[in-house]
Amino acid sequence: MILEESITLFDQNLPGISHTELYELTFLQIQKDFIPYVQIERPIEPLDGQILYLLVKNTITHVVSTQPQSLAPILYRIDLSEKDIRRDQRNISPSEMVSFISQKILRKEAQKVWLRKSLS
């Protein structure tokens, strides 16, 4: 598995919804799912896939180093199975684990936003 530092979350626009709005909604979804474990501040930079990825990666790094017991409940809130992550991580080195988990989280959060917006 190749780990990406830059991630395209939304390949196409939904009618009447811009990428800017989708990124904003994804940020809000991330912020919501990390509460009460971590307060995530809104970045100053305009939101895009890379900014959101770095935000999640920095947050996961913080969680793993300061409150590792919180990782499982966070993954549960996001609806990522620890079993699936363990299965998928077989080809990932320990040094790439935070990036791997961060990508999984970001893609899942973006998927929630995309589905909610496309079905409403």
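For the structure, see preceding data.
Residues numbered from 1 in each chain as written. Predicted model: local features only at pLDDT ≥ 70, side-chain atom pairs only at ≥ 80, totals over all residues. Heavy atoms only, no water.

(A) Broad picture of the side chain of serine 99. Checked against the element boundaries, serine 99 lands in helix H5 (residues 97–119). Its relative accessible area of 8% is what places serine 99 among the buried residues. Among the polar contacts listed, one links the side chain of serine 99 to the side chain of lysine 57, at a separation of 3.4 Å. (Helix = DSSP H or I, 4+ residues; strand = E, 2+ residues; numbered from the N terminus. Buried < 20%, exposed > 50% of the residue type's maximum accessible area, 1.4 Å probe, protein only. Polar contact = N/O pair within 3.5 Å; in protein donor to acceptor, adjacent residues only side chain to side chain.)

(B) Broad picture of the packing of aromatic side chains. Applying the stated criterion to the full structure yields zero aromatic pairs. Looking at arginine 42, its charged tip hangs above the ring of phenylalanine 27, at a distance of 5.8 Å from the centre. (Phe/Tyr/Trp six-rings, centres within 6.5 Å; stacked < 30°, edge-to-face > 60°. Lys NZ or Arg CZ within 6 Å of the ring centre and 35° of its normal.)

(C) Structural context of the pattern of salt bridges. Applying the stated rule across the entire model yields six salt bridges. For glutamate 21, the salt bridge goes to lysine 117, with nearest N and O atoms at 3.5 Å. Here lysine 117 lies in helix H5 and glutamate 21 lies in helix H1 (residues 19–34), a separation of 96 residues in the sequence. With a closest N to O distance of 3.9 Å, aspartate 33 and lysine 32 form a salt bridge. (Salt bridge = Lys/Arg side-chain N within 4 Å of Asp/Glu carboxyl O.)

(D) Quick look at the packing of H1 against helix H2 (residues 49–66). Two elements in contact, H1 and H2, have axes whose closest approach is 10 Å; the angle formed by their N-to-C orientations is 10°. In terms of orientation, H1 lies roughly parallel with respect to H2. Of the residues in H2, those touching H1 at Tyr23, Thr26, Phe27, Ile30 and Phe34 are Gly49, Leu52, Leu55, Val56, Thr59 and Ile60. Tallied by class, residues from the contact of H1 with H2 come to eight nonpolar, three polar and no charged. (Axes fitted to C-alpha atoms, helices over the stretch in contact; angles between N-to-C directions. Parallel < 35°, antiparallel > 145°, perpendicular 65-115°, else oblique. Contact = heavy atoms within 4.5 Å. Nonpolar A, V, L, I, M, F, W, Y, C, P; charged D, E, K, R; others polar.)

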